[in-house]
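Chain residues, written in single-letter form:
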Amino acid sequence: KQEVTQIPAALSVPEGENLVLNCSFTDSAIYNLQWFRQDPGKGLTSLLLIQSSQREQTSGRLNASLDKSSGRSTLYIAASQPGDSATYLCAVMSAGGTSYGKLTFGQGTILTVHP
Amino acid sequence: DAMVIQNPRYQVTQFGKPVTLSCSQTLNHNVMYWYQQKSSQAPKLLFHYYDKDFNNEADTPDNFQSRRPNTSFCFLDIRSPGLGDAAMYLCATSRWDSQSRETQYFGPGTRLLVL
């Protein structure tokens, strides 16, 4: 059974800092890994998707890396801003069986960027 | 343009009174998913439809049922809501076939309150 863990559970930083969020998963048989953002009381917004054959993806100030063999991914946020404050969720799409694209989520990292 | 639509956005029901949540999609995706997300927890898959085939997660309570009358619509029925069923319910869709392994697209969610 796939399990996804995110560290840290919460992070508070001053504006302008570069930061790293960590995600680990137990089963390396995955199709892809995805990072989501969730604002309080809202749905999920997809940030970055990394296919299993890729090592990293970039979008603006965000960079996500994937090391499938070790079961790890990191989300790097450069020059953080107060508007980045949200919960960041990591999710893996497991391969094999009848998964049909099922996602297994981590518990999330609550990020607060203060001015 | 809305792609995955959930109605209503907020639902209040009474303890034990059946409630139905609705999801529709304009993406013509063949797979639809329902997730439950309780406060400060990771989204948890309840079940999904692969075309017309219903796939229930092993630990989804019998109190939760689903219907998919056509490709575009999927409903989540909670037969006798308890206080523990108060949560955000997220609908997602994806295309899954021999040629495609697409990511999931999420709706904005329905927040359910049980009084």
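Here is a short report on the structure shown in this document. None of these values were measured; they are calculated from a predicted model. (Residues numbered from 1 in each chain as written. Chains lettered and ligands numbered in written order. Predicted model: local features only at pLDDT ≥ 70, side-chain atom pairs only at ≥ 80, totals over all residues. Heavy atoms only, no water.)

This part covers the overall build of chain B. Regarding its fold elements, chain B presents 0 helices and 13 strands. For chain B, the succession of helices and strands along the chain, N to C, is β-β-β-β-β-β-β-β-β-β-β-β-β. Taking 115 residues into account, the globule formula puts the C-alpha radius of gyration at 13 Å, and chain B, at 14 Å, falls close to it. Overall, the C-alpha framework of chain B stretches about 45 × 30 × 30 Å when taken along its three principal axes. When burial is assessed residue by residue, chain B has 51% of its 115 residues classed as buried. Partitioning the intrachain contacts of chain B with sequence separation of at least 6 by distance along the chain shows that 56% fall at a separation of at least 24. Entry remark: accessible area of chain B is about 5600 Å², with carbon and sulfur atoms responsible for 49%. Looking at chain B, you have 11 positive and 10 negative side-chain charges, and the mean spots of the two groups are 6 Å apart. (Helix = DSSP H or I, 4+ residues; strand = E, 2+ residues; numbered from the N terminus. Rg over C-alpha atoms; globule rule 2.2 N^0.38 Å. Buried < 20%, exposed > 50% of the residue type's maximum accessible area, 1.4 Å probe, protein only. Contact = heavy atoms within 4.5 Å. Areas by Shrake-Rupley, 256 points an atom, 1.4 Å probe, with all protein chains shown as cover. Lys, Arg positive; Asp, Glu negative; His and termini not counted. Charge placed at Lys NZ, Arg CZ, Asp CG, Glu CD.)

All right, on to the interface of chain A and chain B then. Facing the 21 residues of chain A at the interface are 23 residues of chain B. Surface buried jointly by chain A and chain B totals about 1800 Å² across both partners, of which 57% is contributed by carbon and sulfur atoms. Counting the contacts that link chain A with chain B gives 1 salt bridge. With its nearest N and O atoms 3.1 Å apart, the salt bridge here joins Lys 102 of chain A to Glu 57 of chain B. For the interface between chain A and chain B, the tally reads 5 residue pairs in polar contact (both at pLDDT 80 or more). Broken down by secondary-structure element, the contributors of at least two residues to the side of chain A that touches chain B are β4 (30-38), β5 (44-51), β9 (86-94) and β10 (103-105) of chain A. When grouped by side-chain class, the residues that make up the side of chain A that touches chain B number 9 nonpolar, 10 polar and 2 charged. (Buried area = accessible area lost by both parts, 1.4 Å probe. Salt bridge = Lys/Arg side-chain N within 4 Å of Asp/Glu carboxyl O. Polar contact = N/O pair within 3.5 Å; in protein donor to acceptor, adjacent residues only side chain to side chain. Nonpolar A, V, L, I, M, F, W, Y, C, P; charged D, E, K, R; others polar.)

All names here are of chain B. Taken as a whole, this structure holds 5 salt bridges over all chains when the rule is applied. A salt bridge links Asp 59 to Lys 44; its shortest N-O distance comes to 3.2 Å. Here the residue Asp 59 occupies a position in the loop between β6 (53-56) and β7 (64-67), and Lys 44 occupies one in strand β5 (residues 44-50), the gap between them amounting to 15 residues. Look at Asp 59 and you get partly exposed, because its relative accessible area is 47%. Close ionic contact of Arg 67 with Asp 77 constitutes a salt bridge, the shortest N to O distance being 2.7 Å. Of this pair, Arg 67 sits in strand β7 while Asp 77 sits in strand β8 (residues 73-78), and the two are 10 residues apart along the sequence. The exposure class of Arg 67 is partly exposed, given its relative accessible area of 39%. Overall, the relative accessible area of 14% leaves Asp 77 in the buried class.

Residues and elements named next belong to chain B. Residues Thr 110, Leu 112 and Val 114 line the buried face of strand β13 (residues 110-114), whereas the alternating positions Arg 111 and Leu 113 sit on a face that is not buried. Relative to β13, strand β2 (residues 10-13) runs parallel, the two sharing 4 bridges. Opposite Val 12, over in β13, you have Leu 113 as the bridge partner. Summarising the sheet, strand β9 (residues 87-94) and β13 pair through 3 bridges and their orientation is antiparallel. The residue bridging Met 88 from the neighbouring strand is Arg 111, located in β13. (Pairing = 2+ DSSP bridges.)

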